Amino acid sequence: MEDEQSFSDICGGRLALQRRYYSSSCREFCLSCPRLSLRSLTAVTCTVWLAAYGLFTLCENSMILSAAIFITLLGLLGYLHFVKIDQETLLIIDSLGIQMTSSYASGKECTTFIEMGKVKDVVINEAVYMDPVEPDGISQVVPVFQSAKPRLDCLIEVYRSCQEILAHQKATSPSP
Amino acid sequence: MPGMVLKAFFPTCCASADSGLLVGRWVPEQSSAVVLAVVHFPFIPIQVKELLAQVHQASRVGLAVLGTWCHRRQETEESLGHFLEGLGAIFSHEPWLQLCRERGSKLWSCKATRRQVPPHPGAPYEDQVMLVFYDQRKVLLSQLHPPAAVPDRQAGDATASAGGLAAVFDTVARSEALFRSDRFDEGPVRLSHWQSEGVEASILAELAKRASGPICVLLACLLSLISAASACRVFKLWPLSFIWSKLSVCEQLRHRLEQLTLVFSTQKAENPTQLMRKANVLVSVLLDVALGLALLSWLHGKDRIGQLAEALVPVADHVAEELQHLLQWLMGAPAGLKMNRALDQVLGRFFLYHLHLWISYIHLMSPFIERILWHVGLSACLGLTVALSILSDIIALLTFHIYCFYVYGARLYCLKICGLSSLWRLFRGKKWNVLRQRVDSCSYDLDQLFIGTLLFTILVFLLPTTALYYLVFTLLRLLVVAVQGLIHLLVDLINSLPLYSLGLRLCRPYRLAAGVKFRVLEHEAGRPLRLLMQINPLPYCRVVHTYRLPSCGCHPTHSWGSLCRKLFFGELIYPWRQRGDKQD
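Please read these numbers as outputs of a predicted model, since none were measured by experiment.

## Description of the overall build of chain A
Counting secondary structure elements, chain A contains three helices and nine strands. The N-to-C order of helical and strand elements in chain A reads β-β-β-α-α-β-β-β-β-β-β-α. Residue burial in chain A is summarised as follows: out of 176 residues, 38% are buried. In chain A, of all internal contacts separated by at least 6 residues, the share reaching a separation of at least 24 is 44%. When the accessible surface of chain A is totalled, it reaches about 10,100 Å², and 60% of it is carbon and sulfur.

Now the structure itself:
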């Protein structure tokens with residue numbers, strides 16, 4: 001069962017939240033961030049090239065222009081592969097755990113899976129969504145949807161669904 | 001636990017196997033059933049139970065028949081269905097799993113039934129089942145980081161002390177005895193698992209294993225001979241031991257000898273970490289030697305050694321000339337400052353004479369330099385790190401005069417500062433109490449005060465000259481130290497980079513696992529949830545951090561603050577203190 005809703009993030013950009021209910025014990029929330037805009041890309045490229053051309057007229061060395069092209073290309077590739085996150089997904093599976101995936105614009109996917117035994121609770125803390133996890137007795141707070149930064153209304157939706165599953169899981173598991 | 005979702009871990013290789021019995025391990029704390037293999041018809045139940053008992057004895061993993069697997073061709077095989085249900089009576093297991101699949105479709109059905117009366121009223125007879133597919137080969141070969149605490153092998157059936165998924169990995173890894181028979185074996189029981197199409201083996205790996213025994217013994221003897229020779233009494237005599245401790249080549253060779261002894265020791269590695277360490281050391285040494293041989297062939301081609309030797313003496317001369325110019329400048333009015341003429345001339349002449357001696361020695365040595373360089377260049381076949389250490393030592397030897405100047409300047413400056421501080425206390429009427437380690441007031445005689453004040457004035461006015469010489473020579477020394485430091489950094493990098501682990505992470509990422517990740521497969525309402533469990537490989541920075549080899553340990557032990565303090569008070573700095581060196 002799939003359903004899609006649109007929200008906005010803390011900077012005012014559009015976010016799309018896709019909810020998939022696979023079963024009563026497995027839910028997935030997929031938050032899509034605004035894509036890379038052509039306007040900002042053109043603006044940055046023009047700035048860099050204008051600066052390089054200015055330096056070239058000062059120094060008369062054509063290496064500066066080639067260097068500017070290289071820097072722009074490498075910078076764009078690096079930005080797409082390491083910085084720009086397209087989609088953030090939260091998958092909750094009852095009695096297995098919670099999985100958070102970030103997909104970058106270049107296709108790279110970065111996944112973290114936290115076992116249910118280590119998850120203490122899912123809370124909303126000052127509009128930043130946090131999962132306290134306790135490995136070896138030390139509390140560690142893991143933020144979710146770090147890059148998309150959704151607003152409180154979106155977080156409340158996700159929070160409610162997570163609490164349903166966690167409540168069901170706590171009712172059926174042995175006490176730790 | 002009744003009510004908790006039952007997770008069935010099913011190997012992907014068995015998804016197309018014929019109908020039969022499911023064999024594996026049941027973990028009650030997590031309510032998960034790890035299926036390891038499928039036993040096909042025809043079989044005799046007694047023989048199946050015997051096989052499971054054998055495997056249990058060999059691997060200490062409690063295997064059992066978990067349920068039945070039905071791979072239907074058409075809808076009309078009802079008789080098979082009834083037969084399979086009857087098997088539940090022979091192999092009793094709580095809960096009894098029944099997995100069923102239509103041939104050629106993606107529709108699965110699962111049932112888990114309990115025979116006994118449930119402990120709480122209202123708990124269902126049937127549990128909800130979730131299927132998790134896993135690649136058996138990858139899970140068998142992979143290693144979780146951080147490694148879960150290994151349960152005591154003698155303690156029988158291991159409890160899943162380290163989290164649910166580590167238990168799955170542990171079960172699969174320890175059940176190797178079950179996977180040894182393939183479908184070409186003539187055994188009484190026919191199994192389906194990841195090796196049932198043929199046991200995986202490689203001729204090269206087997207040959208290497210056979211050959212490694214005698215080779216290790218031979219090399220271990222050779223290495224112990226070399227260590228014994230190097231530990232003999234002759235080298236502990238004073239001049240030789242002092243030289244050995246100062247040269248970085250000796251430290252590097254000792255480090256390499258230790259590493260090679262570790263690799264070729266006849267003891268087997270106890271755990272995977274030690275095995276990785278041995279492999280990393282071996283690959284690192286091989287790469288080092290390969291790079292060294294490349295350097296050697298480059299050096300010895302086109303008479304480069306001759307060119308180097310010819311360039312060396314003029315370079316040393318040039319450096320000495322520049323130093324002379326510097327000293328002449330200091331003896332005049334450097335940067336417009338006015339020096340004390342007499343002290344300036346004395347210090348300047350002293351250093352100039354020292355420089356003159358040094359140049360004479362270099363010229364004396366010049367006919368032998370090419371021979372020496374040629375023989376020293378041969379040592380590059382021991383490795384690039386050895387060649388770089390030799391380069392660092394040559395730089396240290398050639399700039400020995402700068403080191404001497406620095407020591408003279410620093411000692412003089414230090415004496416001056418000590419004198420100034422104690423005379424300053426006398427000037428104010430105080431004294432340093434050595435017993436109480438503090439400054440106390442003291443009444444001096446008139447003549448003591450007179451002489452003390454006189455000396456204080458002299459020292460104060462001579463301070464700029466000494467301070468300037470000290471500053472100049474300290475800067476030169478720091479420059480040489482920085483160059484040596486860069487070379488040491490490179491040597492450290494080659495020594496400590498775990499190349500085998502990085503290569504493994506590149507080519508076989510499932511071997512080094514940071515965890516797992518799940519993907520939800522096609523789902524239909526009413527059917528059980530199907531997940532695919534894949535291995536999440538360790539990121540490269542964690543690989544380097546976990547498997548990094550210990551280096552020589554020649555890192556500067558000062559912080560910036562203590563370094564500045566030492567420079568200000570004129571104390572000598574030894575940035576590359578080797579381990580176990582005595583204080584000067």
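## A look at helix α9 (residues 304–331) of chain B
A turn of α-helix holds 3.6 residues, and therefore any two residues three or four places apart point the same way. Residue and element names in this part refer to chain B. Compared with an ideal rise of 1.5 Å per residue, which puts 28 residues at 40 Å, α9 spans 40 Å between its outermost C-alpha atoms and is within 8% of the ideal. Among the residues of α9, Ile 305, Gly 306, Ala 309, Val 313, Ala 316, Ala 320, Leu 323, Leu 327, Leu 330 and Met 331 are the ones counted as buried. In this structure, the buried side of α9 is in contact with α8 (272–300), α10 (341–365), α11 (369–378), α13 (400–428) and α14 (446–496).

## Brief notes about the packing of helix α7 (residues 248–263) of chain B against α14 of chain B
All names here are of chain B. Across the interface, α7 lies against α14 with an axial gap of 13 Å and an inter-helix angle of 5°. The angle between α7 and α14 falls in the class roughly parallel. On α14, the residues that touch Ser 248, Gln 252, His 255, Arg 256 and Gln 259 of α7 are His 488, Val 491 and Asn 495.

## Points about the pairing of strand β14 (residues 529–537) of chain B
Residues and elements named next belong to chain B. By the criterion of burial, β14 is predominantly enclosed, with seven of the nine residues buried. As judged from the seven bridges shared by strand β13 (residues 512–520) and β14, these two strands associate in the antiparallel manner. Pairing of Lys 517 across the sheet is with Gln 534, part of β14.

## Focus: the packing of aromatic side chains
Residues and elements named next belong to chain B. In total, this model carries 23 aromatic pairs over all chains according to the counting rule given. For the pair Trp 69 and Trp 108, a centre-to-centre distance of 5.4 Å together with 40° between the ring planes defines the contact as tilted. Of the two residues, Trp 69 is situated in strand β4 (residues 64–72) and Trp 108 in strand β6 (residues 108–113); the sequence distance between them amounts to 39 residues. Like Trp 108, Trp 69 is buried. Ring centres of Phe 405 and Phe 473 lie 5.2 Å apart, and the angle between their planes is 55°; this geometry places the pair in the tilted category. In this pair, Phe 405 is assigned in helix α13 and Phe 473 in helix α14, connecting sequence segments 68 residues apart. Neither Phe 405 nor Phe 473 differs from the other in exposure class; each is buried.

## Digging into the packing of helix α1 (residues 38–59) of chain A against helix α2 (residues 63–83) of chain A
All names here are of chain A. Look at α1 against α2: their axes get within 9 Å of each other, and the N-to-C directions meet at 160°. In terms of orientation, α1 lies roughly antiparallel with respect to α2. For the element pair α1 and α2, the recorded crossing hand is right-handed. In this structure, α1 uses Leu 41, Thr 45, Val 48, Trp 49, Ala 52, Tyr 53, Leu 55, Phe 56 and Cys 59 to contact α2, whose residues at the interface are Ile 64, Leu 65, Ala 68, Ile 69, Thr 72 and Leu 76. In terms of residue class, the contact of α1 with α2 is built from 13 nonpolar, two polar and no charged.

## Observations concerning the UniProt feature "transmembrane region" (unreviewed entry) in chain B
Residues and elements named next belong to chain B. The feature "transmembrane region" (unreviewed entry), as given by UniProt, occupies residues 281–299, 346–364, 376–399, 448–472 and 478–502 in the numbering adopted here. End C-alpha to end C-alpha, residues 376–399 measures 19 Å, and it is 75% helix and 0% strand. From the first C-alpha to the last, residues 448–472 spans 35 Å; its make-up is 100% helix and 0% strand.

## A word on a nonpolar patch on the surface
Residue and element names in this part refer to chain B. Together, Tyr 353, Leu 357, Tyr 361, Leu 364, Met 365, Phe 368, Ile 372 and Val 376 give the surface a local cluster of nonpolar side chains, amounting to about 820 Å² of exposed area. Contributions of two or more residues to the nonpolar patch are made by α10 and α11. Top element by residues in the nonpolar patch is α10. It accounts for five residues. Summarising the element assignment, Ile 372 is placed in helix α11. You can call Ile 372 partly exposed: its relative accessible area is 43%.

## With respect to the pairing of strand β5 (residues 97–104) of chain A
All names here are of chain A. Burial of β5 is extensive: eight of the eight residues sit out of reach of the surface. Residues Gly 97, Gln 99, Thr 101 and Ser 103 line one face of β5 and the alternating positions Ile 98, Met 100, Ser 102 and Tyr 104 line the opposite face, and both faces are buried. Between strand β4 (residues 85–93) and β5, which pair antiparallel in sequence order, lie three residues; one of them, Ser 95, sits at a positive phi of approximately 70°. As paired strands, β5 and strand β6 (residues 109–115) are joined by seven bridges and run antiparallel to one another. Of the residues in β6, the one forming a bridge with Ser 103 is Glu 109. Between β5 and the antiparallel strand that follows it, β6, lie four residues; Gly 107 among them carries a positive phi value of about 100°.

## Here we look at unusual backbone geometry
All names here are of chain B. Unlike most non-glycine residues, Arg 60 shows phi in positive territory, near 60°. The backbone of Asp 303 sits at a positive phi, close to 55°, despite the residue not being glycine. Among the structural elements, Asp 303 can be located in the loop between α8 and α9.

## What to know about the interface of chain B and chain A
Bring the parts together and some accessible area is lost; that lost area is often taken as the interface size. Contacts between the two partners involve 19 residues from chain B, matched on the other side by 17 residues from chain A. With both sides pooled, the region where chain B packs onto chain A buries about 1,600 Å², and carbon together with sulfur makes up 64% of that total. Per-residue buried area on chain B facing chain A is highest for Met 4, Phe 518 and Val 520 of chain B; these three make up 28% of the total on that side. For the pair chain B and chain A, the number of links is zero salt bridges. Residue assignment for the side of chain B that touches chain A shows that the elements contributing at least two residues are β8 (129–134), α4 (164–174), β13 and β14 of chain B.

## Details of the state of the cysteines
Residues and elements named next belong to chain B. In the structure shown here, the tally under the stated rule is zero disulfides over all chains. Sulfur of Cys 13: no disulfide; nearest cysteine sulfur belongs to Cys 14 and is 4.2 Å away. Judged by its relative accessible area of 31%, Cys 13 is partly exposed. With no disulfide of its own, Cys 70 lies 4.0 Å from the sulfur of Cys 100, the closest cysteine sulfur. The class of Cys 70 is buried, set by a relative accessible area of 5%.

## Digging into the environment of Lys 170 of chain A
Residues and elements named next belong to chain A. Relative to the elements of secondary structure, Lys 170 occurs in helix α3 (residues 152–172). The spacing of Lys 170 and Ser 95 is 75 residues in sequence and 9.1 Å in space, taken between C-alpha atoms. The contacts of Lys 170, once residues within four sequence positions are left out, are Lys 120 and Asp 121.

## Notes on the UniProt feature "transmembrane region" (unreviewed entry) in chain A
This chain's UniProt record puts "transmembrane region" (unreviewed entry) on residues 36–56 and 62–82 of chain A. Along residues 36–56 of chain A the backbone is 90% helical and 0% strand, and the end-to-end C-alpha distance reaches 30 Å.

## Quick notes on α10 of chain B
All names here are of chain B. If you check α10, its first and last C-alpha atoms are 36 Å apart, about what 25 residues at 1.5 Å a residue would give, namely 36 Å. For α10, the complete set of buried residues consists of Asp 344, Gln 345, Leu 347, Gly 348, Phe 351, Leu 352, His 354, Leu 355, Trp 358 and Ile 362. Capping of α10 at its N-terminal end is provided by Asn 340; its side-chain oxygen lies 3.3 Å from the backbone amide nitrogen of Ala 342.

## Topic: the pattern of salt bridges
All names here are of chain A. For the structure on display, the rule yields 10 salt bridges over all chains. One salt bridge connects Glu 28 with Arg 20, and the closest N-O pair in it is separated by 2.8 Å. The buried category is assigned to Glu 28, whose relative accessible area is 13%. With its nearest N and O atoms 2.9 Å apart, the salt bridge here joins Glu 164 to Arg 27. Taken together, the residues span a long stretch of sequence, with Glu 164 in helix α3 and Arg 27 in strand β3 (residues 26–32) at a distance of 137 residues. Overall, the relative accessible area of 9% leaves Arg 27 in the buried class. In this structure, a network of salt bridges that share partners links the residues Glu 2, Arg 20 and Glu 28.

Parameters and conventions
Residues numbered from 1 in each chain as written. Chains lettered and ligands numbered in written order. Predicted model: local features only at pLDDT ≥ 70, side-chain atom pairs only at ≥ 80, totals over all residues. Heavy atoms only, no water. Helix = DSSP H or I, 4+ residues; strand = E, 2+ residues; numbered from the N terminus. Buried < 20%, exposed > 50% of the residue type's maximum accessible area, 1.4 Å probe, protein only. Contact = heavy atoms within 4.5 Å. Areas by Shrake-Rupley, 256 points an atom, 1.4 Å probe, with all protein chains shown as cover. Expected span 1.5 Å × (residues − 1). Axes fitted to C-alpha atoms, helices over the stretch in contact; angles between N-to-C directions. Parallel < 35°, antiparallel > 145°, perpendicular 65-115°, else oblique. Pairing = 2+ DSSP bridges. Phe/Tyr/Trp six-rings, centres within 6.5 Å; stacked < 30°, edge-to-face > 60°. Left-handed = near helix turned anticlockwise from the far one by under 90°. Nonpolar A, V, L, I, M, F, W, Y, C, P; charged D, E, K, R; others polar. UniProt positions renumbered as here; feature names shortened; annotations may be inferred. Patch = residues over 30% accessible without salt bridge, like charges linked within 9 Å, V, L, I, M, F, W, Y side chains within 5 Å. Salt bridge = Lys/Arg side-chain N within 4 Å of Asp/Glu carboxyl O. Buried area = accessible area lost by both parts, 1.4 Å probe. Disulfide = S-S within 2.5 Å. Polar contact = N/O pair within 3.5 Å; in protein donor to acceptor, adjacent residues only side chain to side chain.

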